[in-house]
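Inside the fold
Here is how the chains run, residue by residue.
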Amino acid sequence: MNLVVEDLVQRFPVPARGGRAAGVATVLDRLSLTTGEIGTLVLVGPSGGGKSTLLRILAGLDVPTSGRVAFDGQPLPSDEESLRRYRRTVGTVFQAYNLFPHLTAMQNLLLPLVHVHGLSEAAARERVREPLERFRLAEHAHKRPAELSGGQKQRIAILRALVVQPRRLFFDEPTSALDPEMRAEVLEMIAEVRAAGAQFVLVTHEMAFARRVADEIAFVADGQVPVVAPAAEFFDRQHDPRVRSFLQLTLAT
Amino acid sequence: MPRWLAHVIVVAAFAAAVAAAFARVNYEWNWAAVWDYRQKFLQGWLVTVALSLAALAMSILIGGVTAVMLRSGRPLLEAAARVYVELIRGTPLLVQLLIGFYVVATAVGLENRYVAGVLLLSLFSGAYMAEIFRGGLDAIPKAQVDSGRAIGLTPWQLLRLVVLPQAVRLVLPAVAGQLVSLVKDSSLLSVIAISEFTLAAQEVNSFTYSTLESYLPLAAGYLLLTLPLSALARWLERRFRYETA
């Protein structure tokens, strides 16, 4: 995929509080970035820098205040109807609470296939059977989310995004809400997904993992992307002072 | 101790206490006079059942629409729903029935007092339902909406497949309580001369001068309606139960 973002601005109204007037927060401030022809893009940067806001726009969940986004030369639409069609062609996995708690893992997987993509129940079950086996989740298919571990929940969520055969995936800090031992199983699954050829954009704080799976890394800070670079170059030969101090801080902990 | 036995013991103890109270005041029972009017009781009870069922369905409908309006984000719709809810909840049903029937219904030419009564009762209960539903909808985390949108659900699918099934479980106990109240509130329809259960008891009382013999069957008749309603709610609660993740 090739991603071009031009002059992207995202402002949110800030509700009035304690007698103070309502204001506007500028989260993305004329953000621009251009990638090469790549399989995976990883967004890193300090908290509050705008990574998740950018990802939500790329995933078609939010409409920016202004600016343009294009994947492979195709501009993202801005009306909800077209955006919904776009979202049906991609998959998104959030930090947590992806799964619907009133449905079993299996029903969670079937729901988009049956209700969004028009498969019959039988065809949908056939579609998810093999992936459930491959990712060692078949034995958990009958369980409700509350009976699954955090790692299992995220893996089912990733699978739900995968089985609709999306053009590309979006991950918004998929391991941030997990205990360390569960992070590994989720990251491993994302690495497998990549090895199988899937394209994705990933927001993460896991620098070692970013280096492992990223074709290019975009550094998002203060609502802008000052640096986009191939992974090796980003970690080893980066002279931008903001990136250097960010890497020192994150790698030190 | 099995649960049914506990219930039997509590009910028996309560009955004994009530019986002792009656024994102390030396009340002279006169069931024979009231028995002659059993047909009137039955008719009144059936009217109450019919009124309650109609108002029950309609108040859920009104509550649902109002709850959606309350959360619509459109100032005019929100204001209309809010004013309706607060006016209804802040004023006595008695006043609403009297003004609603003798002024509003008459003004618009609605003469059937049964239809007017059901409408007024539904509007009353619907305001409470609206707040219950709104609370249930608000309690669904935004992340659930995000997840639903992310897989490409339409707003209607999102409501039907994701939000409502979770909200129903949250609001069931409160809705059941409101429905029980509705059945009992229907007794006030006697003030606009609807021959329902309570009016029947009042009339029997005025014919026979047997106050308790008229009103005790009234209490029993309402319990006969409200207890199954509570049982149904508990059964539904069990059916919709699942752990939250």
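The structure displayed is predicted, hence computed values, not measured ones. (Residues numbered from 1 in each chain as written. Chains lettered and ligands numbered in written order. Predicted model: local features only at pLDDT ≥ 70, side-chain atom pairs only at ≥ 80, totals over all residues. Heavy atoms only, no water.)

1. Examining the domain arrangement of chain A
Accessible area lost on assembly of the parts is the figure often given for the size of an interface. All names here are of chain A. What the domain assignment lists for chain A is domain 1 (3–89 + 167–252) and domain 2 (100–166). Each of domain 1 and domain 2 has a C-alpha centre, and these two points are 26 Å apart. Domain 1 puts 15 residues into the contact, and the matching count from domain 2 is 16 residues. Summed over both sides, the interface of domain 1 with domain 2 buries roughly 1300 Å², with 73% coming from carbon and sulfur. Area buried by domain 1 at its contact with domain 2 is led by Arg88, Glu185 and Met189, which between them contribute 40% of it. Counting the contacts that link domain 1 with domain 2 gives 2 salt bridges. (Domains from an automatic or database assignment. Contact = heavy atoms within 4.5 Å. Buried area = accessible area lost by both parts, 1.4 Å probe. Salt bridge = Lys/Arg side-chain N within 4 Å of Asp/Glu carboxyl O.)

2. Here we look at the layout of surface pockets
All names here are of chain B. Its volume calculated, the largest pocket comes out at about 550 Å³. When contributions to the lining of the largest pocket are tallied by element, the ones reaching two or more residues are α3 (38–70), α6 (113–138), α8 (155–185) and α10 (211–239). It is α8 that contributes the most residues to the lining of the largest pocket, 11 residues altogether. Taken together, the residues of the lining of the largest pocket sort by class into 21 nonpolar, 1 polar and no charged. The calculated volume of the second largest pocket comes to roughly 470 Å³. (1 Å grid on protein atoms, 1.4 Å probe; cavity = no way out; pocket = protein on both sides within 12 Å on 5 of 7 lines; lining within 4 Å. Points joined across faces, edges and corners; volume = space filled by probe spheres on them. Helix = DSSP H or I, 4+ residues; strand = E, 2+ residues; numbered from the N terminus. Nonpolar A, V, L, I, M, F, W, Y, C, P; charged D, E, K, R; others polar.)

3. With respect to empty space enclosed by the protein
One pass over the structure, following the stated rule, counts 1 cavity of 30 Å³ or more. Taken as a whole, the largest cavity holds about 90 Å³ of empty space. Taken together, 13 residues line the largest cavity, and the ones lying closest to its centre are Val90(A), Arg160(A), Ala161(A), Ala150(B) and Ile151(B).

4. So, the interface of chain B and chain A
Tallying the contact residues gives 24 residues for chain B and 27 residues for chain A. Across the chain B to chain A interface the summed buried area is about 2100 Å²; carbon plus sulfur atoms make up 58%. Connecting chain B to chain A are 2 salt bridges. Among the salt bridges present, the one from Arg56(A) reaches Asp146(B), with a minimum N-O distance of 2.8 Å. Counting the contacts that link chain B with chain A gives 11 residue pairs in polar contact (both at pLDDT 80 or more). Elements supplying a minimum of two residues to the side of chain B that touches chain A: α7 (142–150) and α8 of chain B. In terms of residue count, the dominant contributor to the side of chain B that touches chain A is α7(B) (8 residues). (Polar contact = N/O pair within 3.5 Å; in protein donor to acceptor, adjacent residues only side chain to side chain.)

5. Things to note about a positive patch on the surface
Residue and element names in this part refer to chain B. Side chains of Arg3, Arg234, Arg238 and Arg241 sit close together on the surface and give a patch of like positive charge. Within the secondary structure, arginine 241 sits in the segment after α10. Take arginine 241: its relative accessible area is 53%, and that puts it in the exposed class. (Patch = residues over 30% accessible without salt bridge, like charges linked within 9 Å, V, L, I, M, F, W, Y side chains within 5 Å. Areas by Shrake-Rupley, 256 points an atom, 1.4 Å probe, with all protein chains shown as cover. Lys, Arg positive; Asp, Glu negative; His and termini not counted. Charge placed at Lys NZ, Arg CZ, Asp CG, Glu CD. Buried < 20%, exposed > 50% of the residue type's maximum accessible area, 1.4 Å probe, protein only.)

6. Looking at the sheet that holds strand β1 (residues 3–14) of chain A
Residue and element names in this part refer to chain A. Spatially, β2-β1-β4-β5 is the arrangement adopted by the 4 strands of the open sheet, whose pairing is antiparallel. Every interior strand has two partners, whereas the edge strands, β2 (23–34) and β5 (74–75), have only one. When β1 meets strand β4 (residues 66–71), the two strands line up antiparallel, connected through 5 bridges. Bridging across to β4, glutamate 6 finds its partner in arginine 68. In the packing of helix α1 (residues 51–58) onto the sheet, contacts are made with β1, β2 and β4, and the angle to β1 comes to roughly 115°. (Pairing = 2+ DSSP bridges. Axes fitted to C-alpha atoms, helices over the stretch in contact; angles between N-to-C directions.)

7. Quick notes on the packing of aromatic side chains
Aromatic rings considered in pairs are described by the distance between their centres and by the relative angle of their planes. Evaluated as defined, the whole model comprises 14 aromatic pairs over all chains. Consider the rings of Tyr27(B) and Trp29(B), whose centres lie 4.8 Å apart with planes at 70°: the pair is edge-to-face. A residue is classified by how much of its surface remains accessible, and Tyr27(B), at 26% relative accessible area, is partly exposed. Judged by its relative accessible area of 37%, Trp29(B) is partly exposed. A network of ring pairs unites the aromatic residues Phe219(A), Phe234(A), Phe235(A) and Phe246(A) as a single cluster. Over the face of the ring belonging to Phe100(A) we find Arg160(A), whose NZ or CZ atom lies 4.7 Å from the ring centre. (Phe/Tyr/Trp six-rings, centres within 6.5 Å; stacked < 30°, edge-to-face > 60°. Lys NZ or Arg CZ within 6 Å of the ring centre and 35° of its normal.)

8. Brief notes about the pattern of salt bridges
Counted under the stated rule, the structure contains 27 salt bridges over all chains. Two residues, Arg125(A) and Glu121(A), come together in a salt bridge whose shortest N-O distance is 3.2 Å. You can see Arg125(A) and its partner Glu121(A) sitting in helix α4 (residues 121–134), 4 residues apart, about one turn around the helix. With relative accessibility at 40%, the residue Arg125(A) sits in the partly exposed group. Here the salt bridges do not stand alone but share partners, grouping Arg71(B), Arg82(B), Glu86(B), Arg89(B), Glu131(B), Arg134(B) and Asp138(B) into one network.

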